[in-house]
Amino acid sequence: MSVKKLLKGKLLVSEPSILNDSSFNRSVIYLTEDNVDGSVGFIINKTTDFVLKDLIPDINCNFKIYNGGPVEQENLYFIHKIPELIPDSIEISNGIFWGGDFNILTNLLNNNKVNQSDIRFFLGYSGWTENQLKEELSEANWVVVDNKYPDLLGLESDDIWKNQILKLGGEYQIWANAPKNPSLN
């Protein structure tokens, strides 16, 4: 089995060395697709200033919207753990699903049938062309870790990166409490 196939469902933790990349600085990305054509994922720890009803007024719901990444930021995406409620969902890994019938989801949201811990919405996504992610991994821009969060979608986003860096131990620990912009230190 190729290494590429093993990345789907894993987390990409940005290395402290990519501090100058505003899109990915202190990011944790959940990889939703990884194949010969490229890779797709969503930044799970960066919220926007929007809630769902800000973007779609027909949906009366205040669920947070996350910044999924720099690609197609005008599009809304979602991952969830309720495939029995949302037909046409595609399993990513370990009970987390991508997409599905948005009309049914709209009805579920308007009738308060979905908990915020069951779903996460994103503006944009993080994407890599064929071999691009492999190259970034070889340049040590990311650390690949297993998703060991039993409730990934219900996590508060603020400390996900810091907690992952602390788990890596060693030289990473100094970065866990460093300011977001070290030049302000």
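What you are looking at is a predicted structure, and each value in this text was computed from that prediction instead of being measured.

The rules behind these values
Residues numbered from 1 in each chain as written. Predicted model: local features only at pLDDT ≥ 70, side-chain atom pairs only at ≥ 80, totals over all residues. Heavy atoms only, no water. Helix = DSSP H or I, 4+ residues; strand = E, 2+ residues; numbered from the N terminus. Contact = heavy atoms within 4.5 Å. Polar contact = N/O pair within 3.5 Å; in protein donor to acceptor, adjacent residues only side chain to side chain. Phe/Tyr/Trp six-rings, centres within 6.5 Å; stacked < 30°, edge-to-face > 60°. Buried < 20%, exposed > 50% of the residue type's maximum accessible area, 1.4 Å probe, protein only. Lys NZ or Arg CZ within 6 Å of the ring centre and 35° of its normal. Pairing = 2+ DSSP bridges.

Here's the deal with the environment of Gln 73
Looking at where Gln 73 falls in the secondary structure, it is placed in strand 6 (residues 71-80). In the structure, Gln 73 is positioned 53 residues away from Ser 126 in sequence and 9.7 Å away in space, judged by C-alpha atoms. If we skip the residues at most four places from it in the chain, Gln 73 touches Asn 67, Leu 123 and Gly 124. Of note is the side chain of Gln 73, whose polar atom sits 2.8 Å from the backbone oxygen of Gly 69.

Overview of the packing of aromatic side chains
With the rule as written, the count across this model stands at 10 aromatic pairs. On the numbers, 5.4 Å between centres and 75 degrees between planes, the contact of Phe 24 with Trp 142 is edge-to-face. Taken as a pair, Phe 24 in the loop between strand 1 (11-14) and strand 2 (28-35) and Trp 142 in strand 10 (residues 142-145) lie far apart in primary sequence, 118 residues in all. Phe 24 gets classed as buried once you look at its relative accessible area, which sits at 12%. Pairing Trp 128 with Trp 142 gives two aromatic rings, centres 6.2 Å apart and planes at 85 degrees, and the pair type is edge-to-face. Residue Trp 128 is found in strand 9 (residues 119-129), and its partner Trp 142 is found in strand 10; the two are separated by 14 residues along the sequence. Looking at Trp 142, the relative accessible area reads 5%, which means it is buried. Taken together, Phe 42, Tyr 66, Tyr 77, Trp 98, Phe 122 and Tyr 125 form an aromatic cluster joined through their ring pairs. The ring of Tyr 66 carries the charged tip of Arg 120 above its face, separated from the ring centre by 4.1 Å.

Description of the pairing of strand 9
Counting buried positions over the 11 residues of strand 9 gives 9, a clear majority of the element. Bridging between strand 3 (residues 38-43) and strand 9 involves 4 bridges; their strand directions are antiparallel. Bridging across to strand 9, Val 40 finds its partner in Gly 127. Bridge count between strand 5 (residues 64-67) and strand 9: 3 bridges; the pairing is parallel. Each residue of the ladder has a partner; that of Tyr 66, found in strand 9, is Phe 122.

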